[in-house]
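Close look at the chain arrangement
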Amino acid sequence: MKDAKYIFVTGGVTSSLGKGIISSSLAKLLQGRGFSVTIQKLDPYINVDPGTLNPYEHGECYVTEDGAETDLDLGHYERFSNTPTSQANNVTTGRIYQNVISRERRGEFLGTTVQVIPHITDEIKRSIKLLGLTGKYDFVITEIGGTVGDIESFPFIEAIRQMRWEMGRNCVVIHLTLVPYLAAAGELKTKPTQHSVKTMLEQGVQPDIIVARTEKPLNDSIKGKIAQFCNVDQSAVIESIDASSIYDVPVLMLDEKLDLEVMRKCNAIPPHEIDISRWKKFLERLKNPKHEVTIGLVGKYVELKDAYKSIHESFIHGGVENDCAVKIKYIHSESINKESVSQIFADIDGVLVAPGFGARGIEGKIAAIQYARENKVPFLGICLGMQCAVIEFGRNVIGLKKANSTEMDPKTPYPVIDIMKDQKSINEMGGTMRLGAYPCQLDKDSKAFKLYGEGLISERHRHRFEFNNTYKQQYIAHGMKMTGIYPKDQLVEIIELDNHPWFIGVQFHPEYKSTVAKAHPLFVGFIEAALMSKTIG
Ligand code: GLN
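The rules behind these values
Residues numbered from 1 in each chain as written. Predicted model: local features only at pLDDT ≥ 70, side-chain atom pairs only at ≥ 80, totals over all residues. Heavy atoms only, no water. Helix = DSSP H or I, 4+ residues; strand = E, 2+ residues; numbered from the N terminus. Rg over C-alpha atoms; globule rule 2.2 N^0.38 Å. Buried < 20%, exposed > 50% of the residue type's maximum accessible area, 1.4 Å probe, protein only. Contact = heavy atoms within 4.5 Å. Areas by Shrake-Rupley, 256 points an atom, 1.4 Å probe, with all protein chains shown as cover. Lys, Arg positive; Asp, Glu negative; His and termini not counted. Charge placed at Lys NZ, Arg CZ, Asp CG, Glu CD. 1 Å grid on protein atoms, 1.4 Å probe; cavity = no way out; pocket = protein on both sides within 12 Å on 5 of 7 lines; lining within 4 Å. Points joined across faces, edges and corners; volume = space filled by probe spheres on them. Nonpolar A, V, L, I, M, F, W, Y, C, P; charged D, E, K, R; others polar. Patch = residues over 30% accessible without salt bridge, like charges linked within 9 Å, V, L, I, M, F, W, Y side chains within 5 Å. Salt bridge = Lys/Arg side-chain N within 4 Å of Asp/Glu carboxyl O. Expected span 1.5 Å × (residues − 1). Core = buried A, V, L, I, M, F, W, Y, C linked by side-chain atoms within 4.5 Å. Phe/Tyr/Trp six-rings, centres within 6.5 Å; stacked < 30°, edge-to-face > 60°. Pairing = 2+ DSSP bridges. Near = heavy atom within 4 Å. Polar contact = N/O pair within 3.5 Å; in protein donor to acceptor, adjacent residues only side chain to side chain. Sits in = over half its atoms within 2 Å of the grid points. Axes fitted to C-alpha atoms, helices over the stretch in contact; angles between N-to-C directions. Left-handed = near helix turned anticlockwise from the far one by under 90°.

To continue, consider the overall build of the protein. Helices and strands together make up the secondary structure of the protein, namely 18 helices and 23 strands. Over its C-alpha atoms the protein spans a radius of gyration of 25 Å, differing by no more than 12% from the 24 Å that the globule rule assigns to 537 residues. Here the C-alpha coordinates of the protein stretch approximately 75 × 60 × 45 Å along the principal axes. Each of the 537 residues in the protein was classed as buried or not, and the buried ones make up 59%. In the protein, of all internal contacts separated by at least 6 residues, the share reaching a separation of at least 24 is 73%. Surface exposure of the protein reaches about 22,400 Å², of which carbon and sulfur atoms provide 52%. Across the protein, the mean location of the 63 positive side-chain charges is 1 Å away from that of the 66 negative side-chain charges.

This is how it looks when you write it as structure tokens:
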């Protein structure tokens, strides 16, 4: 049983400063010293989870092994720490209130008035300590979404204040702020940092460490000024300079001694000296690629890169395995049609058709797949991408005119993708899909088996619709192989084409499982095939 120490990461001045990357980098460094660490995100919005949020609002929805639909920062946590997260690692204001209100309805508060303090703050503290109480972790890092001073984040800051009071040196508060550079004055400015620390002080929390995001190096005088105005040691003012890759940040934080400062503040003795040599090797390969490929990523949220965050990062991991830089060309599915397709894909070495929901852009995805199939361009279809590959094959190879998914066309004469029986009666949107990890049995005679190197795999899902097994024999007869099956219900999880160099569609989301320590085999194989096709032409 480990006695956990709690680290809080708050943000000041503005959002998007990279709290998730700082939290993940700190976790990496503490792991590198032999500690076990988990990271949690508390989101101040009222949605119970981000599953119902449009990707334009909040970026990708990340799915954990246990089927929780979570904030995309959990993807960073897993990719950096190579440790799975769970529902307990992402809690929103909506979920906190939902829990408190259901207890109130059950009469558990015995007639007392239910209030933000203590009931909501108690529930927040319970959610934080839940991870510590598992006894598995030396450190629980809790990132608070949003910016201090927001009305919504007040109960979270209050919960931190209470926990510090209860736990003393077992809690450390890191405050991430912005030190802007004003070109006109030729100076870095500390005032926004002073103000955001003041806001925290008004709420009763004195940060122990200030991490300052900046475009320019902070000299000693700036660090001294921040230290003096914000009541912290000068060694506790950590520079976080803009980096060319998020994967540089652990090394930058090591140079700035963020981990040492955290350990000093909470009296933690590391099991061993720091060892992040594998991480540094990854960086070395990332920075010195021998090859380059261009992948066309076809989706409908291409204006916002965060909508496909995990896919983007999986390409980086898979690229490094091949010593290959992966350039991603984001292609809006609505821009693709039979006329434009060959021009759009002229300089492309591989086509990935992204996951998604709804009919918009679907015909463009199908045109892209037809192009990749007929021109022998390596193809990876993920979730909706696989479903579109099934539709395309049905229409253009088998001759099932107007074949479709019943999600797009409920009246299609050939529902080759259809809703699962036990989903038919569900009307609610949130948390009602096939979610989380399921086992998949691979055909020994398949590309997938060769790539995974094992017969039984486990992958994460997030969908309602499935390949319709009524059509299975027809598809097999025309050359599509079903090479991955969910044994219990005989659901098709992977499709492959034989007379094609590399054509794979997966009903699951491999991108959720790719990490720096272990690039996903499908991405590694896909980039290898793209590289091959580029070389051979
Ligand atoms: N819309 C499809 C379904 O629900 C695919 C979902 C996805 O791509 N994640 O089955």
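Okay, back to it.
A separate point is empty space enclosed by the protein. Tallying each qualifying case throughout the model produces two cavities of 30 Å³ or more. If you add up the space inside the largest cavity, you get close to 50 Å³. Surrounding the largest cavity, Val37, Thr38, Ile39, Tyr77, Ser81, Thr83, Pro84, Thr85 and Tyr137 form its lining. Those elements that place two or more of their residues in the lining of the largest cavity are β2 (37-43) and α3 (73-81). In terms of residues, the lining of the largest cavity owes the most to one element, β2, which gives three residues. Looking at the lining of the largest cavity, its residues break down into five nonpolar, four polar and no charged. If you go around the second largest cavity, the residues you meet are Thr10, Gly11, Ile144, Gly145, Gly146, Thr147, Val148, Ser153 and Ile157. Partitioned by chemical class, the residues of the lining of the second largest cavity number three nonpolar, six polar and no charged.

Now for a nonpolar patch on the surface. Taken together, the side chains of Tyr97, Ile101, Val116, Ile117 and Phe154 define a hydrophobic patch exposed on the protein surface, amounting to about 410 Å² of accessible area. Of all elements in the fold, only α4 (93-105) and α5 (116-132) reach the threshold of two or more residues within the nonpolar patch.

This part takes up helix α7 (residues 191-202). Between its first and last C-alpha atoms α7 spans 16 Å; for twelve residues at 1.5 Å apiece the expected length is 16 Å, and the two agree. Along α7, the residues classified as buried are Thr193, Gln194, Ser196, Val197 and Met200. Packed against the buried residues of α7 are β1 (5-11), β7 (171-178), β10 (209-214) and α8 (220-230). Gly204 lies just past α7 and shows a positive phi near 85°.

For the rest of this paragraph, the subject is the environment of Asn375. Examined against the element boundaries, Asn375 turns out to sit in the loop between α14 (362-374) and β15 (379-382). Relative accessible area serves as the criterion here: at 43%, Asn375 is assigned to the partly exposed category. Along the chain, Asn375 and Gln490 lie 115 residues apart, while their C-alpha atoms are 31 Å from each other.

To continue, consider the nonpolar core. Of all hydrophobic cores here, the largest spans 57 residues; its most connected members are Ile7, Phe139, Ile174, Ile209 and Leu258. Contacts of Ile209, omitting those with residues within four sequence positions, involve Val172, Val173, Ile174, His175, Ala236, Ile238, Leu258, Glu261, Val262 and Lys265. Core analysis: the next-biggest nonpolar cluster, separate from the first, contains 42 residues, Val377, Val390, Ala403 and Val416 among them.

Bringing α8 into the picture now. Those residues of α8 that fall on the buried side of the exposure criterion are Ile222, Lys223, Gly224, Ile226, Ala227 and Cys230. Close packing links the buried residues of α8 with β9 (187-188), α7, β10 and β11 (237-241). Looking one or two residues beyond α8, the residue adopting positive phi is Asn231, at roughly 55°.

With the rule as written, the count across this model stands at 39 salt bridges. Taken together, the salt bridges that share partners define one network made up of Lys41, Asp43, Asp71, Asp73 and Glu143.

For the structure shown, the criterion picks out 16 aromatic pairs. On the numbers, 5.0 Å between centres and 90° between planes, the contact of Phe35 with Phe139 is edge-to-face. Residue Phe35 is located in the loop between α1 (19-32) and β2, and its partner Phe139 is located in strand β6 (residues 139-144); the two are separated by 104 residues in the primary sequence. Considering the side-chain rings of Phe345 and Tyr371, the 5.4 Å spacing of their centres and the 25° angle between planes classify their relative orientation as stacked. On the criterion of sequence distance, the pair formed by Phe345 in the loop between α13 (341-344) and β14 (350-353) and Tyr371 in helix α14 is long-range, its members being 26 residues apart. Residue Phe345 is classed as buried on the basis of its relative accessible area of 1%. Grouped by ring-pair contacts, the aromatic residues Phe80, Tyr247, Trp279 and Phe282 constitute a single cluster.

What follows is about the sheet that holds strand β16 (residues 404-405). One open sheet holds the three strands; their spatial order is β16-β17-β20, and the pairing between them is mixed. Taken across any chain shown, the strands that pair with only one partner, and hence form the sheet edges, are β16 and β20 (465-467). Pairing between β16 and strand β17 (residues 415-419): two bridges, direction parallel. Considered in β17, the bridge of Asn404 is made with Pro415.

Residues in contact with the ligand, as listed here, are Pro355, Gly356, Phe357, Cys383, Leu384, Gln387, Glu407, Arg462, His463, Arg464, Phe465 and His509. Interatomic distance of 3.0 Å between a backbone N/O atom of Leu384 and an oxygen atom of the ligand. In this structure, a nitrogen atom belonging to the ligand sits 2.8 Å away from a main-chain N or O atom of Arg462. Taken by itself the ligand offers 300 Å² of open surface, and the protein chains cover 99% of this. Using a 2 Å cut-off from the grid points, one finds that the ligand occupies the second largest pocket. At the level of secondary structure, the elements contributing two or more residues to the shell around the ligand comprise α15 (384-398) and β19 (456-463).

Attention now goes to the packing of α4 against α5. Two numbers describe how α4 lies on α5: the axes approach to 10 Å, and their chain directions differ by 120°. In the packing of α4 onto α5, the handedness of the crossing is right-handed. Each of Ile96, Tyr97, Asn99, Val100 and Arg103 in α4 lies in contact with α5, whose residues at this interface are Val116, His119, Ile120, Glu123, Ile124, Arg126 and Ser127. Of the residues that constitute the contact of α4 with α5, the class distribution is six nonpolar, three polar and three charged.

Purely geometric numbers; function is a separate question.
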